[in-house]
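The residues making up each chain are set out below.
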Amino acid sequence: MERLHQFAHDIAPTLEHVYRPRLVARNLAYAFPDADQEAMAQGFYAGFGEVCVEVLRALSMERSELAARVTFEGAEALADRSALLLMAHHGNMIWATCALASTIDLPVSIVYKLPHVRAMREALVAIAARFGVTLVPVREVRRRLVKTRQRPQVFTLVADQRPGRDRRSARLCGRETAFFAGPERIARALRWPVYYLSCERTAPARYVGRIVKLAEPPYTATSPSILERYVECLQADIDRAPQDWLWSHDRWRDSRVAETEPR
């Protein structure tokens, strides 16, 4: 594992020049206008390289090794009933989800937009199968929930992707940001509690997953917004370790403040 991480750091300068450098620089400039953005970009590419090699390593990693590298705080909250678990592109969400499936007794499903690149898609499918995680295509969410809603389970959503038409907005990194409206609607319809999974890198190839409750039924018209609580947790993670969020994602492509962007 140490050799893989050294390789990741060796290729980081190359990644910084070829993998969306302008987008990363622009996103960091808006989120942290007063920070050393060049240093932050370097930290992002180093961490991004580490995550890439860690994901590849998961193709052959044993469950016992993954359990030693990813530990959890608060996982007991997911022990005895169905729950909606919201994640983000922070830390290593692939390792975190797979390790969680080996930590709790309930089945774990994850809804995710699979990559368009065939090799990446096949790798993620193989990793999920290896650790007992069910991948649910976005278009099949409703059918899958209707079919399995009576079974205790943990249904995981990566909720910081740029949504389609079904959206709500909140401020993230000082910008008006669109989010999926689905998580709140699912939680209210199924009357499931909602949790946030924070994935913190504590050392190379070492993470701590912290499970924090966002909301629980009964839900009423005056219940706090699940989206707002999610964004608060995500913002705290980004502020704590900005290099570990996916700045290469064109998250604000259709932002309401687009007219203020530099030409």
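A short tour of the structure in this document, coming up. (Residues numbered from 1 in each chain as written. Predicted model: local features only at pLDDT ≥ 70, side-chain atom pairs only at ≥ 80, totals over all residues. Heavy atoms only, no water.)

1. Some details on the sheet that holds strand E2 (residues 83-87)
Step number 1: The strand order E1-E9-E8-E2-E5-E3-E4 describes an open sheet built from seven strands, whose pairing is mixed. Among the strands making up the open sheet, the edge pair consists of strand E1 (70-73) and strand E4 (133-136). Strand-to-strand twist in this sheet, taken as the mean axis angle between neighbours without regard to direction, amounts to 30 degrees.
Step number 2: In this sheet, strand E9 (residues 206-215) lies alongside strand E8 (residues 194-203) in antiparallel orientation, the contact comprising nine bridges. By the bridge assignment, Tyr 195 is partnered in E9 with Lys 213.
Step number 3: Each of E8 and E9 touches helix H3 (residues 37-57); the most contacted strand, E8, lies at about 105 degrees to it. (Pairing = 2+ DSSP bridges. Helix = DSSP H or I, 4+ residues; strand = E, 2+ residues; numbered from the N terminus. Axes fitted to C-alpha atoms, helices over the stretch in contact; angles between N-to-C directions. Contact = heavy atoms within 4.5 Å.)

2. Brief notes about the nonpolar core
Step number 1: Formed by 45 residues in total, the largest nonpolar core has its most connected members in Leu 84, Leu 86, Phe 155, Leu 172, Tyr 230 and Trp 247.
Step number 2: In terms of residue count, helix H9 (residues 226-240) provides more of this core than any other element does, seven residues in total.
Step number 3: Excluding residues within four positions of it along the chain, Leu 84 makes contact with Phe 155, Leu 157, Pro 183, Ile 186, Ala 187, Trp 192, Pro 193, Val 194 and Tyr 195.
Step number 4: If you look at the next biggest cluster of nonpolar residues, it comprises 39 residues, including Leu 85, Val 108, Leu 124 and Ala 205. (Core = buried A, V, L, I, M, F, W, Y, C linked by side-chain atoms within 4.5 Å. Buried < 20%, exposed > 50% of the residue type's maximum accessible area, 1.4 Å probe, protein only.)

3. Points about the pairing of strand E6 (residues 167-172)
Step number 1: Two elements, E6 and strand E7 (residues 175-180), share six bridges in a ladder whose sense is antiparallel. Paired with Leu 172 across the bridge in E7 is Arg 175.
Step number 2: Counting the residues that bridge the hairpin from E6 to E7 gives two residues, and of these Cys 173 lies at a positive phi of roughly 55 degrees.

4. Some remarks on the pattern of salt bridges
Step number 1: Evaluated as defined, the whole model comprises 20 salt bridges.
Step number 2: Measuring nitrogen to oxygen at the nearest pair gives 2.7 Å for the salt bridge that ties Arg 201 to Glu 50. Of this pair, Arg 201 sits in strand E8 while Glu 50 sits in helix H3, placing them 151 residues apart in sequence.
Step number 3: Take Glu 50: its relative accessible area is 7%, and that puts it in the buried class.
Step number 4: Notably, a salt bridge pairs Glu 184 with Arg 188, separated by 3.5 Å at the nearest N-O pair. Taken together, the positions of Glu 184 and Arg 188, both in helix H8 (residues 182-190) and four residues apart, correspond to about one turn of that helix.
Step number 5: Exposure remark for Arg 188: the relative accessible area of 30% places this residue in the partly exposed category.
Step number 6: Residues joined in a network through salt bridges with shared partners are Glu 73, Glu 200, Arg 210, Asp 237 and Arg 240. (Salt bridge = Lys/Arg side-chain N within 4 Å of Asp/Glu carboxyl O.)

5. Concerning H9
Step number 1: Compared with an ideal rise of 1.5 Å per residue, which puts 15 residues at 21 Å, H9 spans 21 Å between its outermost C-alpha atoms and is within 8% of the ideal.
Step number 2: Of the surrounding elements, those touching the buried residues of H9 are E2, E6, E7, H8, E8 and E9.
Step number 3: The residue sitting at the N-terminus of H9 and contributing the capping side-chain oxygen is Ser 225; that oxygen lies 3.3 Å from the backbone nitrogen of Leu 227. (Expected span 1.5 Å × (residues − 1). Polar contact = N/O pair within 3.5 Å; in protein donor to acceptor, adjacent residues only side chain to side chain.)

6. Quick look at helix H5 (residues 93-103)
Step number 1: Summarising burial for H5: nine of the 11 residues are buried, a large majority.
Step number 2: Turning to H5, its buried residues are Met 93, Ile 94, Trp 95, Ala 96, Thr 97, Cys 98, Ala 99, Leu 100 and Ala 101.
Step number 3: In this structure Asn 92 caps H5, since a side-chain oxygen of it lies 3.2 Å from the backbone nitrogen of Ile 94.

7. Thoughts on the pairing of E8
Step number 1: Of all 10 residues that make up E8, eight are buried, and the element is covered over most of its length.
Step number 2: Here E2 runs beside E8; their pairing, made up of three bridges, is parallel. Bridge pairing in E8 links Leu 84 to Val 194.
Step number 3: Here E8 folds back onto E9 in antiparallel fashion, the turn holding two residues, of which Ala 205 has a positive phi close to 60 degrees.

Honestly, it's all geometry; don't read function into it.
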